[in-house]
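# A closer look at the structure
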Amino acid sequence: MQFPRIRLRRLRYKENIRRLVRENRLSVDDLVYPLFVTYGNNIKKPITSMPGVYNFSLDLLLAEISQIIELKIPAVLLFGIPEKKDSVGSGAYDEEGIVQQAVRAIKAKYPEIIVITDVCLCEYTDHGHCGIIEENEILNDQSLQLLAKTALSHARAGADIIAPSDMMDGSVAVIRDKLDRQGFQNIPIMAYSVKYASSYYGPFREAAGSAPKFGDRRSYQMDFANGLEAIRETALDVDEGADIIMVKPALAYMDVIRMIKENFNSPLAVYNVSGEYSMVKAAAKMGWIDERAVVMETLTGFKRAGADIIITYHAKDVAGWIREDC
Ligand code: PBG
Ligand code: ZN
């Protein structure tokens, strides 16, 4: 049976019919907004390569959180920029560290917003790698205890979800064990299961001051030429106790998002990373694209590919647009 009896355009003529048959919808419920918190007072420092994104000191962070709540965004993802860095990333697991303080301050004032904390060492190490090093090698097993210690300190501060982004083998298991042994059985882990060694992280590294001082991250993050490896990575994380799995970046990895969705039943997050954001912002500023339309198309595309949760620097704008459209 085919044309002229079947005409797919029949369902496209009227907006209200299009609404009835629409397969995917972006909702504010899907969004997570990343935030960078730094030391000092009264600081709202713009990130040059990410227009609209800032480093906030604790006092101004709270005002930002109040806006995010007003927009009905359910969750934020916290990154810390410490005052001092050292070879073992002490600031990451300091009970008085920047993220620990931020979590306590947010949860004290706004208990309902979900605070997800990124667990990694790269923002806290002077060499900028995600684990500790010896003779330019990133040591896997020796880094695990420090990552677990970081996760525990976040949980103690009141974090709602722990998100390890280090890409060390075994880190989800070690973090799960540590949390369980210390009474945090009910704190979920959102694992950066499929994290590629990507040039799209460039602007983030400006924001977090976390670019590696030597070499690159290709000995621990995934090779972007690989797809099947994503299944092995995710299977391990699920096995180790990940509650939510993630694919990162998102835009150049739509095939991977779909594949992970088809192979696993865990809630799937995708990270629409800094470079993806910056490209849109730059083109929009030049007047070359319609920012709102392009962002809605891209984020709806993530949902179509299989994302349940979208971590994006566009979250505040998108929440506002969705509200206007209602
Ligand atoms: C830290 C981390 C990175 C991002 C999130 N967590 C950077 C990296 O691995 O170099 C990137 C986020 C973004 O680009 O928006 N491990
Ligand atoms: Zn890292």
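Just above sits the structure.
Quick summary incoming for the structure in this document. (Residues numbered from 1 in each chain as written. Chains lettered and ligands numbered in written order. Predicted model: local features only at pLDDT ≥ 70, side-chain atom pairs only at ≥ 80, totals over all residues. Heavy atoms only, no water.)

### Quick notes on the overall build of the protein chain
Within the protein chain, the regular secondary structure consists of eleven helices and twelve strands. For 326 residues, the compact-globule formula gives about 20 Å, and the C-alpha radius of gyration of the protein chain, at 20 Å, lands near that figure. For the protein chain, the spread of C-alpha atoms along the three principal axes comes to 70 × 45 × 40 Å. By the burial criterion, 53% of the 326 residues in the protein chain qualify as buried. Of the contacts made within the protein chain by residues no fewer than 6 positions apart, 74% connect residues no fewer than 24 positions apart. Computing the positive centroid from 39 side-chain charges and the negative centroid from 44, the protein chain places the two 10 Å apart. (Helix = DSSP H or I, 4+ residues; strand = E, 2+ residues; numbered from the N terminus. Rg over C-alpha atoms; globule rule 2.2 N^0.38 Å. Buried < 20%, exposed > 50% of the residue type's maximum accessible area, 1.4 Å probe, protein only. Contact = heavy atoms within 4.5 Å. Lys, Arg positive; Asp, Glu negative; His and termini not counted. Charge placed at Lys NZ, Arg CZ, Asp CG, Glu CD.)

### Looking at the packing of aromatic side chains
The final tally for this structure, using the stated rule, is nine aromatic pairs. Judged by centre distance (5.5 Å) and plane angle (25°), the rings of F36 and F79 are stacked. Remark: F79 occurs in strand β4 (residues 75–81) and F36 occurs in strand β1 (residues 31–38); sequence separation between them is 43 residues. Neither residue differs from the other here; F36 and F79 are each classed as buried. By way of ring pairs, the aromatic residues F36, F79, Y192, F204, Y271, Y277 and Y313 are connected into one cluster. We note K44 situated over the ring of Y54; from NZ or CZ to the ring centre the distance is 4.6 Å. Of note, K248 hangs over the ring of Y201, and the distance from its end group to the ring centre comes to 4.5 Å. (Phe/Tyr/Trp six-rings, centres within 6.5 Å; stacked < 30°, edge-to-face > 60°. Lys NZ or Arg CZ within 6 Å of the ring centre and 35° of its normal.)

### Considerations on a nonpolar patch on the surface
A surface patch of nonpolar side chains, amounting to about 370 Å² of accessible area, comprises M1, I6 and L8. With respect to the element layout, M1 can be found in the segment before α1 (15–21). (Patch = residues over 30% accessible without salt bridge, like charges linked within 9 Å, V, L, I, M, F, W, Y side chains within 5 Å. Areas by Shrake-Rupley, 256 points an atom, 1.4 Å probe, with all protein chains shown as cover. Salt bridge = Lys/Arg side-chain N within 4 Å of Asp/Glu carboxyl O.)

### Some remarks on the coordination of the zinc ion (ligand 2)
Of the protein atoms, only C120 (SG), C122 (SG) and C130 (SG) coordinate the zinc ion (ligand 2), at distances of 2.2 to 2.3 Å. Every donor counted, the four donor atoms about the zinc ion (ligand 2) form angles of 100 to 119° at the centre, which fits tetrahedral coordination. Spacing between the donor residues of the zinc ion (ligand 2) along the chain follows C-x1-C-x7-C. Judged by its relative accessible area of 1%, C120 falls in the buried class. (Donors = N, O, S within 2.8 Å, 3.2 Å for Na, K, Ca; no water. Tetrahedral: all angles 85-135°; square planar, octahedral: opposite > 155°, others 65-115°.)

### Some remarks on the packing of helix α10 (residues 291–305) against helix α11 (residues 315–325)
Axis angle and axis distance: for two packed helices, these are the angle between their axes and the distance between the axes, and together they describe the pair. In contact at an axis separation of 11 Å, α10 and α11 are set at 95° when each is read in the N-to-C sense. Comparing their axes, α11 and α10 come out roughly perpendicular. Where α10 approaches α11, its residues E291, R292, V295, M296 and L299 are matched on the opposing element by D317, V318, W321, I322, E324 and D325. Classifying every residue of the contact of α10 with α11 by side-chain character gives six nonpolar, no polar and five charged. (Axes fitted to C-alpha atoms, helices over the stretch in contact; angles between N-to-C directions. Parallel < 35°, antiparallel > 145°, perpendicular 65-115°, else oblique. Nonpolar A, V, L, I, M, F, W, Y, C, P; charged D, E, K, R; others polar.)

### Details of the environment of G91
By the element assignment, G91 lies in the loop between β4 and α3 (98–109). Accessibility expressed as a relative area gives 16% for G91, which makes it buried. Measuring from C-alpha to C-alpha, the distance between G91 and K285 comes to 37 Å, with 194 residues separating the pair along the chain. Sequence-distant contacts of G91, defined by excluding residues within four places in its chain, comprise G97, Q100 and Y124.

### Describing the packing of helix α9 (residues 274–285) against α10
α10 packs onto α9 with a crossing angle of 155° between their chain directions and a minimal axis gap of 10 Å. Relative to α10, the element α9 is oriented roughly antiparallel. Of the two elements, α9 crosses α10, and the hand of that crossing is right-handed. Residue-level contacts link E276, V280, K281 and A284 of α9 to E291, V294, V295 and F302 of α10. (Left-handed = near helix turned anticlockwise from the far one by under 90°.)

### A short note on the pairing of strand β3 (residues 54–57)
Looking along a regular strand, one sees side chains alternate from face to face of the sheet. Sheet topology note: the β1/β3 ladder contains three bridges and is parallel. Residue pairing across strands places V37 opposite F56, the latter belonging to β3. Two elements, strand β2 (residues 44–46) and β3, share three bridges in a ladder whose sense is antiparallel. Within β3, the residue paired with P46 across the bridge is Y54. (Pairing = 2+ DSSP bridges.)

### Considering helix α8 (residues 254–263)
Taken as a whole, α8 has its buried residues at V256, I257, M259 and I260. End-on view of α8: buried residues confined to an arc of 165°, all on one side of the axis. Every exposed residue of α8 that faces more than 90 degrees away from the buried side is listed here: D255 and E262. Tucked inside the fold, the buried residues of α8 contact β9 (190–195), α7 (228–240), β10 (244–248), β11 (268–272) and α10. (Arc of directions from axis to C-beta.)

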